[in-house]
Amino acid sequence: MNNEIAVVGGGAAGMMAAIAAAERGARVTLLEPNERLGKKLNITGKGRCNVTNNCSMEELLANIPRNGRFLWSAFSRFNAQDAMVFFEELGVPLKTERGNRVFPQSDRSFDVSGALERRLRRLHVRIVRDRALSIETEGGAVCAVLGEQARYPAQAVILATGGVSYPATGSTGDGYRMAQALGHMIVPPRGSLVPLESDSPDCAAMQGLALRNVELAVYSKKTKPLFREFGEMLFTHFGVSGPLVLSASAHLRNWDKERYRLVIDLKPALDEQKLESRILRDIAENPNRDMDKILSGLVPRSMVPVVLRRCGLPPEEKANSLTREQRRALVQLLTHFEIPVTGPRPVREAIITSGGIQTNHGRLTAAACAKLGLACYLVFTEDENGVYEGNRILQTMFGAKQVFCDNIDHSLPPEKMAKERLRAGEETIAKLAGRLRAEGKTPYVIPRGGRSLYGTASYVAAMDEVKAQLEERNLRVDYILAPCATSSTMTGISLGNRVSAQVVQTAGATLSDEALSRALSCGEPAV
């Protein structure tokens, strides 16, 4: 690769993209307006940096409630284990903690950002302290990035500017503006993994109280919980925050139509019968103690007045005067402590941003100019849990192993561009197949068909079916070359180790179920 590539944004995604491109021979310029790289990365995980999660690709995708399938291709090329090996080889020893969360052994996020920056410099990536203002195009393809200080010519541009959360770190929404100017559709960004506001005075009364080892469930009008998880949370002057609340917020999207409530089980290790027995034992041991003293052994001290008020008990009520009905009401409250929530905090306080560049119905590439790459933080996907965010940022950018295809005439009118895409895609497939055969590999090429199945569940299922049928016929191949429509000028090579073959996806051609049938009936392992 001899391309001149400009990467806009020096966060985790931008650094990974620059490293991936430079390792493949590109001349890379990285633009970052902040005084140092990885500014937001350095504050993640409370300054410890949750690098990735030590789990399978399926589990990663399961924790992305919206549009997770879009990331399947990237995760199949660079998974959590690949990320761990990558950082270990950069000299960052890692450890796996509760919930399969992976941190540097030093518990210092600066060790992660520092290792990435050292790798950039060893690869001779040009790092420029400048803010990108716009992306210039010529003949339907990007040709340069215009910054505040200079113009940076480039044969390809990767936008990795981040969303709009934590604007002090540089996430000001510039990437959305530049992508929209180039023809992309934008889903209005909003906060995800964000604290929640409540109009209950009890939250302010318990401000600063951190609850640990509790279970949080979220309900709307329906009886089935939208979210349920065990962990930690925090009461604040505006409502609630903490890891559990941030994770729950990703599931609350219809604030204009729904009213949500949080239900906290303060004693998840005990069922109601065991909890009542515990209360009876405490009362039997101290029958003449005031109820506020009894409760201080069950809940944090700052929570005692709230519990007493909700149960209708005066603080000086003697333990031995508690009726059966009052005792059961107390048990119910401790296992179903309810907090109404009225909305999320402003997007600037969110951990990540939901929304961004539209990816469905082919709009991600159909309206975009050629040779523009987009980081995961800009496209419309959403994590359920912040601990998976490192996977999206690091894996999607390092896994985007793309070869820029220069055999397309960008001056063609739109009505002729479709045929040109197909021609370029088939030409690229033939070159890849020839290269693989020269290396002693056996490729299997699926012919071009009708509608595109790229990036969808049906495409993944179709590819799995191809590989399964090849195995049934004892056709052992090293690569499956699968034509698919991604971009008019980019060829994405996906090296996913699924079943026995590696999948190579190439742009410019399309794939249909009929084409799969024809390919499987040809009886040859390669075209």
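None of the values given here were measured: they were computed from a predicted structure.

### Describing the overall build of the chain
Item 1. Looking only at helices and strands, one finds 17 helices and 26 strands in the chain.
Item 2. The burial tally for the chain puts 53% of its 527 residues in the buried class.
Item 3. Counting only contacts in the chain whose residues sit at least 6 apart along the sequence, the fraction spanning at least 24 positions is 71%.
Item 4. Carbon and sulfur atoms make up 50% of the accessible area of the chain, which amounts to about 23000 Å² in all.

### Topic: the packing of helix α11 (residues 304-311) against helix α12 (residues 324-335)
Item 1. As a packed pair, α11 and α12 sit with axes 10 Å apart at the nearest point and diverge in direction by 130 degrees. By the angle class used here, α11 and α12 are oblique. Where α11 crosses over α12, the two elements pack in a sense that is right-handed. Contacts from V307, R310 and C311 of α11 reach α12 at A329, L330 and L333.
Item 2. Across the contact of α11 with α12, the residue classes break down as 5 nonpolar, no polar and 1 charged.

### Section: the pattern of salt bridges
Item 1. For the coordinates displayed, the defined rule picks out 23 salt bridges.
Item 2. With a closest N to O distance of 3.1 Å, R48 and D107 form a salt bridge. Within this pair, whereas R48 is found in the loop between β2 (27-31) and β3 (52-53), its partner D107 is found in the loop between β5 (101-104) and α5 (109-122), the two being separated by 59 residues in sequence.
Item 3. Overlapping salt bridges, with partners in common, bring together R48, K95, E97 and D107 in one network.

### Regarding the environment of I339
Item 1. Tracing the sequence through the fold places I339 in strand β17 (residues 337-341).
Item 2. Put simply, I339 and V240 are 99 residues apart on the chain and 8.9 Å apart in space, counted from C-alpha to C-alpha.
Item 3. Dropping the residues within four chain positions of it, I339 is found in contact with S198, C203, F235, R261, L262, I264 and R310.

### Quick look at the packing of aromatic side chains
Item 1. Taken as a whole and assessed by the stated rule, the structure comprises 3 aromatic pairs.
Item 2. Relative to F86, the ring of F78 lies with its centre 6.3 Å away and its plane at 80 degrees, an arrangement referred to as edge-to-face.
Item 3. Their ring planes at 80 degrees and their centres at 4.9 Å tell us that W255 and Y260 sit as a pair that is edge-to-face.
Item 4. Note on W255: relative accessible area 22%, which makes it partly exposed.
Item 5. Residue Y260 is classed as buried on the basis of its relative accessible area of 5%.
Item 6. Taken together, F78, F86 and F87 form an aromatic cluster joined through their ring pairs.
Item 7. In this structure, R310 is placed above the aromatic ring of F337, and the distance from its NZ or CZ to the ring centre is 4.1 Å.

### Quick notes on the sheet that holds strand β9 (residues 151-153)
Item 1. Taken in spatial order, the 3 strands line up as β7-β8-β9 in an open sheet, and their pairing is antiparallel. Strands with a single pairing partner mark the edges of an open sheet, and in this sheet they are β7 (132-138) and β9. Taking the axes of each pair of neighbouring strands and ignoring which way they run, one obtains an average angle of 25 degrees across the sheet.
Item 2. In this structure, β7 lies alongside strand β8 (residues 141-147), joined through 6 bridges in antiparallel fashion. In the sheet register, A132 faces β8, and the bridge partner there is G147.

### Topic: the side chain of S109
Item 1. Of note, S109 is situated in helix α5.
Item 2. If sequence neighbours within four positions are ignored, S109 has contacts with L41, N42, I43, G47, R48 and C49.

### What to know about the packing of helix α1 (residues 12-23) against α5
Packed helices, taken two at a time, are described by the angle between their axes plus the distance between the axes.
Item 1. Running from N to C, α1 and α5 point in directions that differ by 30 degrees, and their axes come no closer than 10 Å. Relative to α5, the element α1 lies roughly parallel. In terms of crossing hand, the pair formed by α1 and α5 is left-handed. Residue-level contacts link M15, M16, A18, I19 and E23 of α1 to S113, L116, E117, R119 and L120 of α5.
Item 2. In terms of residue class, the contact of α1 with α5 is built from 6 nonpolar, 1 polar and 3 charged.

### Remarks on the sheet that holds strand β15 (residues 239-241)
Item 1. Pairing within the open sheet is antiparallel, and its 7 strands lie in the order β17-β16-β13-β14-β15-β12-β18. The open sheet has two edge strands with one neighbour each: β17 and β18 (343-344).
Item 2. As judged from the 5 bridges shared by strand β16 (residues 260-265) and β17, these two strands associate in the antiparallel manner. Looking across to β17, one finds that V263 is bridged to E338.
Item 3. Together, β16 and β17 form the strand contacts of α12, whose direction differs from that of β16 by roughly 110 degrees.

### Quick word on the confidence of the model for the chain
Item 1. Taken over all residues, the pLDDT of the chain has a mean of 75, while the share at 70 or more is 68%.
Item 2. The model gives residues 361-368 a pLDDT under 50, and that stretch makes 16 contacts with residues more than four places away or in other chains.
Item 3. Scored below 50 in pLDDT, residues 380-408 shows 153 contacts in the model against residues more than four places distant or in partner chains.

### Overview of the side chain of T161
Item 1. Inspection of the secondary structure assignment puts T161 in the loop between β10 (156-159) and α6 (174-181).
Item 2. What makes T161 buried here is its relative accessible area of 16%.
Item 3. Only 3.1 Å separates the side chain of T161 from the backbone nitrogen of G175, close enough to count as a polar contact.

### As for helix α9 (residues 272-285)
Item 1. Given a rise of 1.5 Å per residue, 14 residues ought to cover 20 Å, and the 20 Å separating the end C-alpha atoms of α9 matches this to within 8%.
Item 2. For α9, the set of buried residues is L275, E276, I279, D282 and I283. With its buried residues spanning 120 degrees around the axis, α9 presents them on a single face. Away from its buried face by more than 90 degrees, α9 exposes Q273, K274, A284 and E285.
Item 3. Next to the buried residues of α9 lie α10 (291-295) and α12.

### Points about the environment of Q326
Item 1. Note that Q326 resides in helix α12.
Item 2. Remark: the alpha-carbon pair of Q326 and G312, spanning 14 residues in sequence, is separated by 8.7 Å.
Item 3. Residue contacts for Q326: discarding those within four places in its chain leaves L313, E317 and S321.

### What about unusual backbone geometry?
Item 1. A positive phi angle, near 70 degrees, is found at C49, a position not held by glycine.
Item 2. Position of C49 among the secondary structure elements: in the loop between β2 and β3.
Item 3. A residue is classified by how much of its surface remains accessible, and C49, at 2% relative accessible area, is buried.
Item 4. Non-glycine residue N213 carries a positive phi angle of around 55 degrees.
Item 5. Its location among the elements puts N213 in strand β13 (residues 210-219).
Item 6. The exposure class assigned to N213 is exposed, which follows from its relative accessible area of 52%.

Calculation criteria
- Residues numbered from 1 in each chain as written.
- Predicted model: local features only at pLDDT ≥ 70, side-chain atom pairs only at ≥ 80, totals over all residues.
- Heavy atoms only, no water.
- Helix = DSSP H or I, 4+ residues; strand = E, 2+ residues; numbered from the N terminus.
- Buried < 20%, exposed > 50% of the residue type's maximum accessible area, 1.4 Å probe, protein only.
- Contact = heavy atoms within 4.5 Å.
- Areas by Shrake-Rupley, 256 points an atom, 1.4 Å probe, with all protein chains shown as cover.
- Axes fitted to C-alpha atoms, helices over the stretch in contact; angles between N-to-C directions.
- Parallel < 35°, antiparallel > 145°, perpendicular 65-115°, else oblique.
- Left-handed = near helix turned anticlockwise from the far one by under 90°.
- Nonpolar A, V, L, I, M, F, W, Y, C, P; charged D, E, K, R; others polar.
- Salt bridge = Lys/Arg side-chain N within 4 Å of Asp/Glu carboxyl O.
- Phe/Tyr/Trp six-rings, centres within 6.5 Å; stacked < 30°, edge-to-face > 60°.
- Lys NZ or Arg CZ within 6 Å of the ring centre and 35° of its normal.
- Pairing = 2+ DSSP bridges.
- pLDDT = per-residue confidence, 0-100.
- Polar contact = N/O pair within 3.5 Å; in protein donor to acceptor, adjacent residues only side chain to side chain.
- Expected span 1.5 Å × (residues − 1).
- Arc of directions from axis to C-beta.

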